[in-house]
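Residue-level listing of the chains:
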Amino acid sequence: MAVEWSPNVNMKFYGMTRATEENVIKTQFESGRERYRLKNSSPKIAFSVQLDLNTKAEERAFWDWYNDTLLSRTETVYLPDFLGGTTGKEYRMTEEPSIEGQRPKVLTLTFKEV
């Protein structure tokens, strides 16, 4: 079951990049001919987004949520649809978050649709 985003951390994501996961299985025959088929009927999309953490308290709240609620990426998280849908979606964080800068600190997060 998906966890909710921390109420103490903003959700003003920006700088989104998206990539569709490879969704094709290739079979190559001895004759050299190739056949392709889909792994899944709808491919999953991976997203990378950035988030500004404006205060030290907000940064601390994110890391507390990440470690104690998300359990270091073992749980999924329920977020607004990154593609602009009206409902939320369930995502899995796929990489360790990276943070850089002073104030605001820029947090880079990567998610995959579940």
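Right above here is the structure, for reference.
Quick caveat: nothing in here was measured; it's all calculated off a predicted structure. Throughout, residues of each chain are indexed from 1 in the direction in which the sequence is written. Per-residue local features are limited, in this predicted model, to residues with pLDDT of at least 70; the limit for side-chain atom pairs, both in listing and counting, is 80 or more; totals at the level of whole chains, interfaces and linings are taken over all residues. Working from all heavy atoms in the structure, the side-chain values ignore hydrogens and water.

1. Details of the nonpolar core
Among the buried residues, those of types Ala, Val, Leu, Ile, Met, Phe, Trp, Tyr and Cys that are joined through side-chain atoms within 4.5 Å form a nonpolar core. For every residue, the accessible area (1.4 Å probe, protein chains only) is compared with the maximum for its type, and the residue is labelled buried under 20%, exposed over 50%, or partly exposed between those bounds. One finds Trp 5, Phe 62, Trp 65, Val 77, Leu 109 and Phe 111 to be the most contacted residues of the largest nonpolar core, which totals 23 residues. Each helix corresponds to a stretch of at least 4 residues labelled H or I by DSSP, and each strand to a stretch of at least 2 residues labelled E; elements are numbered beginning at the N terminus. Of all elements in the fold, only β5 (45-53), α1 (56-68), β6 (77-80), β7 (88-93) and β9 (105-113) reach the threshold of two or more residues within this core.

2. Some remarks on the packing of aromatic side chains
Centre-to-centre distance and the angle between the planes together describe a pair of aromatic rings. Only Phe, Tyr and Trp rings are paired, with Trp represented by its six-membered ring, and only when their centres lie within 6.5 Å; those with planes under 30 degrees apart are stacked, over 60 edge-to-face, the remainder tilted. One pass over the structure, following the stated rule, counts 13 aromatic pairs. Here Trp 5 and Phe 13 contribute two aromatic rings whose centre-to-centre distance is 5.5 Å and whose plane-to-plane angle is 75 degrees, an arrangement assigned as edge-to-face. No difference in accessibility class separates Trp 5 from Phe 13, as the two residues are buried. Their ring planes at 75 degrees and their centres at 5.0 Å tell us that Phe 62 and Trp 63 sit as a pair that is edge-to-face. On the basis of relative accessible area, Phe 62 is assigned to the buried category, the value being 0%.

3. Observations concerning the pairing of β9
Here, any two strands with at least 2 DSSP bridges between them count as paired. By the bridge criterion, eight bridges tie β5 to β9 in an arrangement that is antiparallel. Within β9, the residue paired with Gln 50 across the bridge is Thr 108. The pairing of strand β8 (residues 98-100) with β9 spans three bridges and is classified as antiparallel. The residue of β9 that forms the bridge with Glu 100 is Val 106. A loop of four residues connects β8 with β9, the two strands running antiparallel in sequence, and Gly 101 in this loop sits at a positive phi of about 95 degrees.

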